[in-house]
Every structure is written in C-alpha cells, then in structure tokens.
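Close look at the chain arrangement
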Amino acid sequence: MRTVIRAVALAALLTCATPATAGAAREPAAHAVSRVKSPVSLVLGTVGPKTAGPSGAKSKITITGTVQNRAGRDLPGVSVRLRTSATRMTSRTQLAQYAAGQPSWLRGIGDQRRLPAVDTAGGSAPFSLSTNTATVGYGEFGVYPIGVEVVNQYGQVLSGINTFITFVPERRDFKRLSVGWIWPLIDRQHRTTDDTFTSDRLTTDMSPGGRLHGLVQAAASTGTPITWSIDPALLDDVQTMANGSYTVRAPRAKESTRKPKSTVAAQWLNALKTASKGDPYFVVPYADPDAVALVRHNMSGHLADAYANTGVAGQVLGRQPTVHAAWPPSGMAGQGTLNQLAAHGRLGGNGAFVMSSAAFADPPQGYTPSATTQVPTRDGPRRAIVYDETLNKIVSADTRAPGAAVLAEQRFLAETAMIAAEAPEVARSLVIVPDRRWNPSPAFAKNLLTYTSGAVWMQRTRLEQIVNAPPQERDYRGYPDELEAAELDATYLERVDDIAGSAARFIRIMVSPVTMNYTRAVLRMESSYWRGSARHKRRAVATRQALADRIARDMGRVRIITSQNSRVSLAGSSGRIPITIVNDLPDQTIRVRLVVVPENTTRLQVGRVEDEVIELGPEQKVTRPIPIRSAGNGNVQVHLRLRTADNRAFGPTTTITVRTTGYGRLALLITGGGLAVLFVGVGVRAMRARRRRNSEAAGDGSTGTGPAAAGTPEPGAPFAGDPAGLGPAPGDGQADGGGDGRAGGAGAGFHAAAFPPPTARGAARPAVVPGTGADRSTPVHPTTGPTSATAAPWAAPGSGLEQPGVGQPDPEPGPRPGRASDTGLPSGPDTTPGTQPGDPD
C-alpha cells in the first residue's frame, strides 16, 4: 500500500515540476484531460484586481470561488491552491494555448487552502487564495498566466482552471490602442406577415432580464462610445406591438391569439431612444438577409428590396443613420456579394464594410494590424473595418454559466493587453464586434464597456475616427468554401422566390393606396437568422409554409364565380354567359382583366368583354355577360382566368363547361315556318277532300281542281295545286323548309318561283342531316347563296364577335377542297355560308 501511495505522490510531483516552456508540446494532452469529467467542480467567483500593479492595493492578487464534490463518494484531503508564473506571454497564440491548458503547466505554487467540507460526497465549500505581484515576480508590462487547481491528499490534481493577470508597471512605455465598439441590435424573426407574430417571445426579450432589455441597459449605463448596428425589422416588430393589438399564431397552429397593445414594447422603444441618443448608428438590410446566399443564387433583387425597406429605422428613432456600413453574415463575403453590398449600401465616401479578421491572411509583420483597410470591389477599392475574430468569440461566448463571465472578462483584458504589448511602440486601432444576436448578461456587457474606458492600454474611440484613418494593407483571402454549408440552400430559396412571385402578382392588381404588402414578409424568410443549425432550418421551413398559405388565402379572396356545378347551357348557336368577379378584400381596391379562352376555338368562339379592365372596391363584386357563339352541338370547356391590368397572369384558372343545343332564333324561325307549311298543306288537302266528297254526293264527279291523277304542275305555276303559293306539303318529294340551316329559312316565306326549275339550273345539291341518315334536297341558289336572313347578328358592328365571312356567300361557287371526299357527297357548287349546326364538317 505504501508503494502505491509513493508512486502516486511521485507522479503528482513530476507533474507539478513540468516547466512552462513545455506548454506548447503538451497542449493535446491538456485538451484530453479537460474533456474528462472532473470528480469536483471548480468555479471562479472573482479575480482581482483586473489590472495589477507593482505596489499598493493593485499589487495584491486575490481569487475567490467554490469547490464541490460531485464524484458520488468521499474524497479525502481535498485542497485548493494557486499556480503562478513569472514569465509573461509573448504572443496571442501562446495565450490561447494556456487558456486551454491546465494549471500544472505553471511552475510556481502559491497559497493553498484545505477544504474539509468537500471531502464528503456532494459537499461544497468556498475558497479565497491570495498572492502579490512581488512574490510572483511580475516586472514588465504584459499578460501573465495564473491558475487554480484542486488536489486530494496525495497531491493528485482533481480539477483546474487557468486565467490571466495583466500587469502594468509604473513606467508605461506603450502606446494605447484606439478601441471602438459596434453594438448589435439584431434579433430573430418574429412575424410571418405584417400582422401575425409567430410567438410572443419579443415581449420576454424586451422585459427586465431579457436579452434586448439587457443590451440597451448596458449601453446606457456607461460613457463608452458605441456605434449601434440595427436591424430595421426589429424596430418594425416592436413598433407594431406598441401601436396597437396584434395577432400571435405559431406556424403549425390552428388557432391564433389576439394580444392587446404592448406597454413593454413602448417602454423599450423609449429606453432605446434615450440610450442611443447622440450615438451613431447604421442599419443592416431589412431582416438582415443572408446576402451571400442571395447573390450566389441570383436573387440580388431581393437584397435591393431589403435595402429599400431600411427607412423604418429612421422613422422609429426619429433620426437617420449617420454611418453607412455593410456587415455581411459571419463578417465574410465573396467578390460578387461585396459588389452588391457596396452598390446598395452606398459605401462611397465615409462608408465601409464591417468584416472579420478571419477573412484576411495572418499579418506578415507579426503583430495585430490596425482595423482600417481596403477591399476590392467592381467600382474600385472600398474601406473596410476589420474586427478581431478572437475577441468576437470571447465576448460572444455564453457567459451565463457559473464562473463563465469572470473567465471571459479576464481573457478580454488579457487579449487587448497582449495586442498592445505585441508592438508597444506602434499606435493602432481595434474594433470589437460581438455576434449579431449577442445574448450576454447585462453585468457582463456593462463590464466590457467599463474596462474599455478604464484599462490604461485602451483608449475609447468613436468608429467614425477609425473609419477615416489611413488604411493599412491586408491580404484579403475571400470567402471560405466551408461556410457555404451554413448558408440558406438553393431549394429553400427557390421556394421563397416562388412565394415572392405570387405576392408580386397579387400586389399588381391593387390600386393605390396599397394596404397589403408581402415584401417584408418575404425578406424575413431570407434572414441570416435561419442559417446554421438544423433546428433553425426546420423553423424556417415551417414559417415559410405559413406565409405561403396566408398569401394563397388572401389571393383566394379575389376570384371568379360561375354556376354552382360549373356548367352553362346555351339554347342556340349564340348567347351570353354571366361571369361574376368578387373582391372580398376588406380594405383594398383592385383592377383586373377577365380572360375567357375556349378549349376548342373551332367549335366555340368568344366575343369581347365589355370592360377590359374591371375595377372593384373593397368587398364588391360585378357580373359581366360574355358573348359566345357555337359552331356545333355538344360540350365545350371554357377556361376563365384573371390577369393584372398590365396583362400578367393572376390566380388559378377556373373551368366551366358550355353545352350548346343548336336551337337558336334562326332555327326556331325555320322550324316554325316548316310547321306553318305543314298545317297549311294539311288544311288544303282537307278542303280538297271535302269538295270531292261534296261533288261525288252531287253526282257530277267534279272536284273543282282538275283531274285528280294529273300530278304535274302547269308550266310557270308556283307549286301547281297549291293555291296559297307556299310550296308542296311534306311527303311530296320536296324539301319541307325546315332543313338543316343551309336553305337559310326557305320554308319561312320563300316561293318556288324564286328559283328556276331544276331542268334549267341543274339538280339541287342534297344535304345530309347528321344523325338521321336521310337526304333532303334543299334548293340553294348557286351564285347568291341564302338570303340575308341566314346571317346571324355576329357581323353586327360593335358586337365584339365580328367574324370575317360569317353570313356572307363564298366568293367562288365552286367546290371546296376535300368537301366531296370527306362526306361522300357528289361534287358540285358549295354555297354554304359558313359552318352551321348540322354541317357535315
């Protein structure tokens, strides 16, 4: 047993004796140890002073914290102790290695405290460890590592943390850094359409303890100058809540909730105006779109729309932006995106890009260069403000976990001091930019601004001064390929573009003033907020679908109404069908065109609509009779669609079925004439029979009409034996006048004398009535065709349905090509005036 104890103690002693110079070589091992769950938790509470000095109160270094046993068993002899080093950091790379390493890398062992309460399972105890700068051996300006570790009774390390102390001697032979802050006020997207919120999360964020409340409170509590970066969409959301009631409906929810006017929103807006008074600000494009993805997928027009909607920020704050800056997502962009941002963001003059140092090559001079540089664009080089990527990660880290804020504050001070110490004789600028949707604790955010003003190696500076400083050359590396995976993908943006197209067509039918607008709703779907995590992408798809459904519902309020079963019957070859257009939009006047297109234009022809552009006020409807003409019996589908005033398609197509019977006004006249002839013929026959019976009864054998068997008309007499001159009755081997429309109403007042005898003119062409199989011989004049009574009113000027040739004789009475062969009829002169019901064609 003693041998085991001695071996463990020897191993711990060797670990403690490892020199600090071996830190770089042992970094992988340090990371491996840090991933193993420690049997005890070590949380630092305070580290002070923030800036150590050679004497006085600043010379005493004190670290406090708490240790807890979480091994689930007793741990005998638990103690906590300091580890120190008198060797200052020489580079930011070395500083990063120690920040990820273990205190055992540090050679010095300082104050130690026994913690009996931690020996038992679950036990915890606070601690306080102290030393001074003289004891440790600090002498030069710079950053020194210091650590705290927990050991057991055998000296075995159970847990440990490294942090840093910045030492400033009496002699300050360094030039101060000019430090500027960009304070982001950019949030997640909260709305689908302008009147519907996906949740009431914004109320929580603006309330005390919320993210947005803390950012405004921290900015207002210090005198450190900052430049605000504001998303107009956030101010638009807050103003909507503050101005009146609003609707909350989750993307997949069936029910919505109506919220009253928000006093929290009004109070937060007032606090923002007070906190930002006198501070410069710039705006990102509306909803902070993923500019790189939009340019990559040829949707730069959407980026232009996002810039066009930034004016809402000036309206809410009561003052316009004083800085022109373009901040691409992740602080990096390709050449095409830079070109678009420079053009739309008006970066000429004092404008500048805001970019991450990760987009540039490591400085060849060996120290961090100034923040001002230039990047190439299509219109020439443009200024860029380069923020430090390492500091971005430090200040943007989650600091709400116990002890995280203390470590982040110490690292922030160490990094800035290390930059100053890299080249103490060179005056440089430094810009600090947290993540877009930074969520610090209010105390942490406030402390960062306080340290910027209080640390002797930093000089608070307005961003405009840094922008206007002479640019320093940097090697711009462009956009890393690995970031493309985080962008909004092509499939997602294609669906968004489809929604934008539908919304644009909808807007085109609206008459000014337009009360419905979906431009901002579409821009919210393209926000950089949806980048990155799978959870965000799922929410993006659900929100996008909710927007598509809403636009479809709104567009459905402008529609065409037809008969209940979408069938219309036409009793004749022509007529009008009523079409009703409805505008159920509550506060919007519209203008549309009605387009009617038959599926078969040979069988059905459509005339002009009375009003080509139809204007409808809110919740109004109007009926338009559409003139149509049929060229045959049966059903024809007709497609109805609305178009914008500038003749662009709008909305779905409505289809109706038109059924034509072929019994029009002309057909009825012909049928009536035929019946009249039939009745007259029957009456004449009855009179003849009566006279014959009377004569036979008188015994003279005379009928008064000549020989009964003659059967041959006298030369020149119109239908011999027909005293009315109306022609023979049906069944006498002559046409009955009803015909099939080719004779054009010959049975309604036409006399046989109007046509020469067949022996003089040639035999009349027989016509076949479709479907009966019976031939009827109808006399048709070979040169003049039917009389004007056959011409339907389609040729009337102004009817809208003028058809050339309809109701007019063929210019040449000769046979039409293919006519005889198609029908089997003998060839001869075809005088059919046009395609009419019953025509074999």
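Residues numbered from 1 in each chain as written. Predicted model: local features only at pLDDT ≥ 70, side-chain atom pairs only at ≥ 80, totals over all residues. Heavy atoms only, no water.

Some words on the sheet that holds strand β12 (residues 246-248)
Pairing in this open sheet of three strands is mixed, and the strands run β10-β12-β13 from one edge to the other. The two strands at the open ends of the sheet, each matched to only one other strand, are β10 (196-197) and β13 (257-259). As paired strands, β10 and β12 are joined by two bridges and run parallel to one another. Opposite Thr196, over in β12, you have Thr247 as the bridge partner. (Pairing = 2+ DSSP bridges. Helix = DSSP H or I, 4+ residues; strand = E, 2+ residues; numbered from the N terminus.)

A word on the sheet that holds strand β1 (residues 40-48)
Ordered in space as β1-β3-β6, the three strands form an open sheet in which the pairing is antiparallel. The two strands at the open ends of the sheet, each matched to only one other strand, are β1 and β6 (124-132). Strand-to-strand, the axes of this sheet are offset by a mean angle of 20°, without reference to chain direction. Both strand β3 (residues 60-69) and β6 contribute to a ladder of nine bridges, which runs antiparallel. (Axes fitted to C-alpha atoms, helices over the stretch in contact; angles between N-to-C directions.)

Observations concerning the packing of helix α3 (residues 92-100) against helix α14 (residues 404-422)
Where α3 meets α14, the axes come as close as 10 Å, and the angle between the chain directions of the two elements is 155°. The orientation of α3 with respect to α14, classified from their angle, is roughly antiparallel. Between α3 and α14 lies a crossing of right-handed hand. Across from Arg92, Leu95, Ala96 and Ala99 in α3, the residues of α14 making contact are Arg411, Ala414, Glu415, Met418, Ile419 and Glu422. For the contact of α3 with α14, a count of residues per class yields six nonpolar, no polar and four charged. (Parallel < 35°, antiparallel > 145°, perpendicular 65-115°, else oblique. Left-handed = near helix turned anticlockwise from the far one by under 90°. Contact = heavy atoms within 4.5 Å. Nonpolar A, V, L, I, M, F, W, Y, C, P; charged D, E, K, R; others polar.)

Quick notes on the packing of helix α6 (residues 211-220) against helix α8 (residues 263-275)
Two elements in contact, α6 and α8, have axes whose closest approach is 9 Å; the angle formed by their N-to-C orientations is 30°. By the angle class used here, α6 and α8 are roughly parallel. Remark: the crossing between α6 and α8 carries left-handed chirality. Across from Leu212, His213, Val216 and Ala220 in α6, the residues of α8 making contact are Trp268, Ala271, Leu272 and Ala275. A class-by-class count of the residues in the contact of α6 with α8 yields seven nonpolar, one polar and no charged.

Details of the nonpolar core
Counting residues in each nonpolar core, the largest one holds 73 residues, and the members touching the most others are Trp181, Trp183, Trp228, Trp268, Phe412 and Trp457. If we ignore the near neighbours within four places in the chain, the residues touching Trp457 are Thr51, Phe141, Thr166, Val168, Phe174, Arg176, Leu177, Leu413, Thr416, Ala417 and Ala420. Membership of the second largest hydrophobic core comes to 71 residues, among which are Leu347, Tyr476, Ile551 and Leu585. (Core = buried A, V, L, I, M, F, W, Y, C linked by side-chain atoms within 4.5 Å. Buried < 20%, exposed > 50% of the residue type's maximum accessible area, 1.4 Å probe, protein only.)

Quick word on helix α19 (residues 534-555)
The first and last C-alpha atoms of α19 sit 32 Å apart over 22 residues, in line with the 32 Å expected at 1.5 Å per residue. All buried positions along α19 are accounted for by His536, Ala540, Ala542, Thr543, Arg544, Ala546, Leu547, Arg550, Ile551, Asp554 and Met555. Summarising the contacts, the buried residues of α19 are in contact with β10, α17 (490-508), α18 (519-525), β21 (558-561) and β29 (649-660). (Expected span 1.5 Å × (residues − 1).)

Remarks on the packing of aromatic side chains
Under the defined criterion, the tally for this structure stands at 14 aromatic pairs. Taken together, the aromatic side chains of Trp181, Trp183, Phe412 and Trp438 make up a single cluster linked through ring pairs. Geometry around Trp327 places Arg436 over its ring, the cationic atom sitting 4.2 Å from the centre. When the ring centre of Phe360 is taken as origin, the NZ or CZ atom of Arg474, which lies over that ring, is 5.9 Å away. (Phe/Tyr/Trp six-rings, centres within 6.5 Å; stacked < 30°, edge-to-face > 60°. Lys NZ or Arg CZ within 6 Å of the ring centre and 35° of its normal.)

Remarks on the side chain of Arg531
Along the chain, Arg531 turns up in the loop between α18 and α19. Here the side chain of Arg531 touches Tyr479 through a polar contact of 3.3 Å, side chain to side chain. If sequence neighbours within four positions are ignored, Arg531 has contacts with Asp290, Val292, Pro329, Ser330, Tyr479, Ala486, Glu487, Leu488 and His536. (Polar contact = N/O pair within 3.5 Å; in protein donor to acceptor, adjacent residues only side chain to side chain.)

Notes on the confidence of the model for the protein chain
Chain-level statistics for the protein chain give a pLDDT mean of 81 and a share of 78% at 70 or above. Segment residues 1-35 is flagged for pLDDT under 50; beyond a separation of four residues in sequence, or across chains, it makes 33 contacts in the model. pLDDT under 50 marks residues 701-841. Its contacts with residues more than four places away, or in other chains, come to 165 contacts. (pLDDT = per-residue confidence, 0-100.)

Some details on the pattern of salt bridges
Summed over the entire model, instances satisfying the criterion amount to 28 salt bridges. Between Arg524 and Asp194 there is a salt bridge, and its shortest N-O distance comes to 3.0 Å. Of this pair, Arg524 sits in helix α18 while Asp194 sits in the loop between β9 (177-185) and β10; the two residues are 330 residues apart in sequence, bridging distant segments of the chain. For Asp194, a relative accessible area of 29% puts it in the partly exposed group. Between Glu487 and Arg296 there is a salt bridge, with its nearest N and O atoms 2.9 Å apart. One end of the pair, Glu487, is in the loop between α16 (463-467) and α17; the other, Arg296, is in helix α9 (residues 291-296), and 191 residues separate them in sequence. Accessibility expressed as a relative area gives 35% for Arg296, which makes it partly exposed. (Salt bridge = Lys/Arg side-chain N within 4 Å of Asp/Glu carboxyl O.)

What to know about the pairing of strand β18 (residues 382-387)
Taken together, the four bridges between strand β16 (residues 352-356) and β18 define a ladder with parallel strand orientation. Each bridged residue has a counterpart across the sheet, and for Phe353 the counterpart in β18 is Ala384. Pairing geometry for strand β17 (residues 372-375) and β18, over four bridges, is antiparallel. Bridging across to β18, Thr373 finds its partner in Ala384. Where β17 hands over to β18, the hairpin turn is made up of six residues, of which Gly380 adopts a positive phi near 105°.

So, the environment of Asn350
With respect to the helices, strands and loops of the structure, Asn350 is situated in the loop between α12 (335-344) and β16. The class for Asn350 is partly exposed, based on a relative accessible area of 38%. Residues Asn350 and Val323, 27 residues apart in the sequence, show an inter-C-alpha distance of 7.5 Å. When sequence neighbours within four positions are dropped, the list of residues in contact with Asn350 reads Thr322, His324, Val467 and Asn468.

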